[in-house]
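Coordinate inspection notes
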Amino acid sequence: MLATPSLNQKSMKYDPTPLVSPHPFQMTIELTFCVSLFSQMASSTLISDTQPWNDLKAHVEDIKKTHLRDLLSDDKRCQSMLVDFDGILLDYARQQATPETIQKLFKLAEAASLKEKINRMYSGERINSTENRSVLHVALRASRDAVIQSDGKNVVPEVWKVLDKIQEFSERVRSGSWVGATGKALKDVVAIGIGGSFLGPLFVHTALQTDPEAIEAARGRQLRFLANVDPIDVARNITGLNPETTLVVVVSKTFTTAETMLNARTLREWISSALGPSAVAKHMVAVSTNLTLVEKFGIDPNNAFAFWDWVGGRYSVCSAVGVLPLSLQYGFSVVEKFLRGASSIDQHFYSQPFERNIPVLLGLLSVWNVSFLGYPARAILPYSQALEKFAPHIQQVSMESNGKGVSIDGVPLPFEAGEIDFGEPGTNGQHSFYQLIHQGRVIPCDFIGIVKSQQPVFLKGEVVSNHDELMSNYFAQPDALAYGKTAEQLQKENVSPHLISHKTFSGNRPSLSLLLQSLNAYNIGQLLAIYEHRIAVEGFIWGINSFDQWGVELGKSLATQVRKQLNASRTKGEPVQGFNFSTTTLLTRYLQASSDVPADLPTSLPKI
């Protein structure tokens with residue numbers, strides 16, 4: 001069962017006002033034991049056993065009788081499926097849904113106790129019951145005077161203590177008052193992490209690289225991310241860098257993650273071999289909570305930046321995991337705008353009714369597509385090259401969060417949860433996998449467009465600007481998917497009869513469109529928070545725990561066995577044993593093929 005609030009948690013406050021607000025609006029969540037008990041009772045019942053779920057299952061037959069061509073001809077329906085908030089326009093009129101469908105989804109949300117679950121998350125209850133943790137990534141971007149409780153303690157002052165430390169440290173590095181071992185300024189940063197310690201910060205960094213304000217702030221600086229334990233990734237990240245001017249940020253909560261720590265030791269050797277072991281303290285810092293191992297590694301514990309158990313790795317980009325390397329590259333003021341954008345959506349998600357709540361609507365529509373219409377995948381299609389790393393990040397947040405087969409109470413699900421996320425910026429994707437989306441499998445699509453380009457270009461004599469050309473495709477593709485093209489239309493165009501079946505498009509393929517006014521640090525924060533909360537909504541409806549990841553842990557434990565075997569075979573000549581026939585064969589072949597590698601490898605670093 002889910003944890004109940006203790007007595008000192010009965011009255012909790014959450015202030016979701018964006019950081020810029022001079023007069024924060026305090027919201028109070030009154031959590032009584034009765035509400036908590038009701039939530040627990042609701043969670044023990046599978047959502048698929050409820051009447052709203054059954055009503056939606058029956059409703060599928062009505063939807064199958066409709067086509068998006070007809071649904072889009074209803075202006076009143078389309079108008080009801082527009083939501084405008086803080087410069088973001090959501091249009092979900094191209095979903096296979098009627099206003100009746102949406103109302104039935106709201107009934108499903110009520111049956112799933114969605115509002116109560118959102119309140120419990122924002123109140124710091126330990127809704128991650130399998131790990132007995134709160135889920136409070138919203139606290140990472142809350143205003144300084146917000147009150148967000150966890151175990152009866154306001155965590156916001158701790159958050160801002162770390163943010164202030166990051167601001168002070170990043171300004172010292174950027175100004176040149178903190179220098180390397182040889183007295184040179186540190187202008188290059190390599191951030192070492194993996195999974196959530198890598199994909200989120202990389203997405204934000206990539207999105208900011210072409211923003212005019214960020215470009216100016218980052219002038220003369222480089223930021224690189226080392227994630228893969230493959231030595232090729234090490235080689236690529238240190239190529240062209242000088243140890244004298246490089247700062248390494250090691251991101252590992254426990255300072256024990258195998259891949260991250262091997263990469264950290266590799267770069268420690270890179271620095272030590274060039275500048276001496278004592279240089280490590282000036283050239284390496286940590287984002288970790290394990291100060292003992294940080295110090296043992298050779299990093300001054302004073303140069304360690306904390307985060308907390310109530311921050312899941314894939315939700316940690318707004319913690320020191322992302323804020324430290326991004327502040328070193330762009331300055332804290334730019335990153336603070338990113339946090340403000342995320343905070344704006346946090347407030348919206350917490351306070352707005354469901355019919356005007358962008359993350360709630362997106363989450364409910366995903367549940368509709370996956371669990372009722374039977375579409376297991378979703379394409380994320382940003383029409384901005386700056387967002388090229390957005391889909392890979394959301395892929396992890398979504399599939400690691402909601403890739404579950406049991407309810408939060410451990411009951412096997414009689415329905416599929418989670419979805420397969422993938423994507424590529426337009427128009428590149430159009431020349432890649434859109435063929436499948438148009439004429440193969442039905443894959444709901446998220447189209448993300450930007451009104452004002454970060455780098456506008458208009459060539460004299462061209463009909464439209466480069467950005468207009470891009471956005472022409474953003475507007476056209478959703479309609480092409482929705483309407484398709486009939487055989488009758490092709491006949492009127494005098495298409496050869498033998499080609500008609502090949503050129504026919506069934507249409508009726510759902511999508512939704514998000515339109516942002518621009519793509520600056522603030523908007524990037526908004527986009528991140530929309531998808532984070534959308535994924536939480538899906539998990540809340542399905543009744544699963546979106547905040548643990550036991551599937552990741554299994555692979556880690558098996559890799560440990562293999563690692564021990566490789567060491568024993570190489571150093572002691574022990575045969576491969578304890579594995580199935582297939583794995584034994586593969587491991588033996590690997591060891592035989594690499595037998596020319598000496599057991600005691602000389603210290604060396606990759607070179608390109």
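See above for the structure.
These remarks concern the structure in this document. All of these numbers come straight from a predicted model, not from anything done at the bench. (Residues numbered from 1 in each chain as written. Predicted model: local features only at pLDDT ≥ 70, side-chain atom pairs only at ≥ 80, totals over all residues. Heavy atoms only, no water.)

To continue, consider the overall build of the protein chain. Helix and strand counts for the protein chain come out as 24 helices and 15 strands. A globule of 608 residues ought to have a C-alpha radius of gyration of about 25 Å, and the protein chain, at 26 Å, matches this closely. In terms of its C-alpha atoms, the protein chain occupies a principal-axis envelope of roughly 75 × 70 × 60 Å. Looking at the 608 residues of the protein chain, the share that counts as buried comes to 53%. Looking at the protein chain alone, contacts between residues at least 24 apart form 75% of all its contacts between residues at least 6 apart. Surface accessibility of the protein chain: about 26200 Å² in total, with carbon and sulfur atoms responsible for 54%. Charge centroids of the protein chain, computed over 56 positive and 59 negative side chains, lie 4 Å from each other. (Helix = DSSP H or I, 4+ residues; strand = E, 2+ residues; numbered from the N terminus. Rg over C-alpha atoms; globule rule 2.2 N^0.38 Å. Buried < 20%, exposed > 50% of the residue type's maximum accessible area, 1.4 Å probe, protein only. Contact = heavy atoms within 4.5 Å. Areas by Shrake-Rupley, 256 points an atom, 1.4 Å probe, with all protein chains shown as cover. Lys, Arg positive; Asp, Glu negative; His and termini not counted. Charge placed at Lys NZ, Arg CZ, Asp CG, Glu CD.)

Before going further, it helps to examine the side chain of Asn545. Mapped onto the fold, Asn545 is located in the loop between helix H22 (521-542) and helix H23 (550-572). Judged by relative accessible area, which is 4%, Asn545 ranks as buried. Polar side-chain contacts of Asn545 include one of 3.2 Å to the side chain of Thr130. Once residues within four sequence positions are removed from consideration, Asn545 is found in contact with Ile127, Asn128, Ser129, Thr130, Ser401, Lys404 and Ile408. (Polar contact = N/O pair within 3.5 Å; in protein donor to acceptor, adjacent residues only side chain to side chain.)

With that out of the way, let us pick up helix H17 (residues 390-402). If you check H17, its first and last C-alpha atoms are 18 Å apart, about what 13 residues at 1.5 Å a residue would give, namely 18 Å. Within the span of H17, buried status applies to Phe390, Ala391, His393, Ile394, Gln396, Val397, Ser398, Ser401 and Asn402. Residues of H17 that are buried make contact with helix H8 (199-208), strand S12 (377-382), strand S13 (420-423), strand S14 (445-450) and H22. (Expected span 1.5 Å × (residues − 1).)

Below, the discussion takes up the packing of aromatic side chains. Using the criterion set out here, one finds 19 aromatic pairs in the structure. Relative to Phe433, the ring of Phe422 lies with its centre 5.2 Å away and its plane at 75°, an arrangement referred to as edge-to-face. Placement of the pair is Phe422 in strand S13 and Phe433 in the loop between S13 and helix H18 (434-439), with a sequence separation of eleven residues. Assessed through its relative accessible area of 17%, Phe433 is described here as buried. (Phe/Tyr/Trp six-rings, centres within 6.5 Å; stacked < 30°, edge-to-face > 60°.)

Considering all chains together, one arrives at 24 salt bridges under this definition. Arg126 is the partner of Asp151 in a salt bridge, and the nearest nitrogen-oxygen pair spans 2.5 Å. Here Arg126 lies in the loop between helix H6 (114-122) and strand S5 (149-150) and Asp151 lies in the loop between S5 and strand S6 (153-154), a separation of 25 residues in the sequence. Here Asp309 and Lys253 are joined by a salt bridge, their closest N and O atoms 3.8 Å apart. Taken together, the residues Asp309 in the loop between strand S11 (304-305) and helix H14 (320-330) and Lys253 in the loop between strand S9 (246-251) and helix H11 (258-275) connect sequence positions 56 residues apart. According to the relative accessible area criterion, Lys253 is buried, its value standing at 18%. (Salt bridge = Lys/Arg side-chain N within 4 Å of Asp/Glu carboxyl O.)

Our next topic: the pairing of strand S10 (residues 284-287). Alternating residues of S10 divide into Met284 and Ala286 and Val285 and Val287, and every residue in both groups is buried. Where S9 and S10 come together, four bridges link them in parallel fashion. Bridge pairing in S10 links Val250 to Ala286. As judged from the two bridges shared by S10 and S11, these two strands associate in the parallel manner. Of the residues in S11, the one forming a bridge with Val287 is Phe305. In this view, the connection linking S10 to its parallel neighbour S11 by way of helix H13 (residues 291-297) has right-handed handedness. (Pairing = 2+ DSSP bridges. Right-handed = clockwise from strand over helix to strand, strands pointing away.)

Judged by pairing direction, the sheet is mixed, and its six strands sit side by side in the order S3-S4-S15-S14-S12-S13 without closing on themselves. Pairing within the sheet leaves two strands with one partner each, and these edge strands are strand S3 (82-85) and S13. Each adjacent strand pair in this sheet contributes to an overall mean axis angle of 15°, direction not counted. (Axes fitted to C-alpha atoms, helices over the stretch in contact; angles between N-to-C directions.)

What follows concerns the pairing of S12. In terms of burial, S12 is largely enclosed, as six of its six residues are buried. Side chains Ala377, Ala379 and Leu381 of S12 all project onto a buried face; the interleaved residues Arg378, Ile380 and Pro382 project onto the opposite face, where all are buried too. Examined bridge by bridge, S12 and S13 share four bridges and lie parallel to one another. Residue pairing for S13: Ala379 is matched across the bridge by Phe422.

Take H6 next. Taking burial as the measure, the nine residues of H6 include seven buried ones, the bulk of the element. Taken as a whole, H6 has its buried residues at Leu114, Lys117, Ile118, Asn119, Arg120, Met121 and Tyr122. Once H6 finishes, Gly124 follows within two positions and takes phi at roughly 85°, a positive value.

A few words now on the sheet that holds S10. With parallel pairing, the five strands of this open sheet are ordered in space as S8-S7-S9-S10-S11. Only two strands of the sheet have a single neighbouring strand rather than two, namely strand S8 (222-226) and S11. Contacting strand S7 (188-192) and S8, helix H10 (residues 231-238) runs over the sheet at an angle of about 175° to S8.

On to the packing of H14 against helix H15 (residues 332-351), then. The geometry of H14 relative to H15 is characterised by a closest axis approach of 7 Å and an angle of 135° between their N-to-C directions. In this view, H14 runs oblique relative to H15, as classed from their interaxial angle. Across the interface between the two elements, Val323, Leu326, Ser327 and Tyr330 of H14 pack against Phe332, Val334, Val335 and Leu339 of H15. Class assignment of the residues belonging to the contact of H14 with H15 gives a composition of seven nonpolar, one polar and no charged. (Parallel < 35°, antiparallel > 145°, perpendicular 65-115°, else oblique. Nonpolar A, V, L, I, M, F, W, Y, C, P; charged D, E, K, R; others polar.)

Scope: geometric values only; no functional claims are made or implied.
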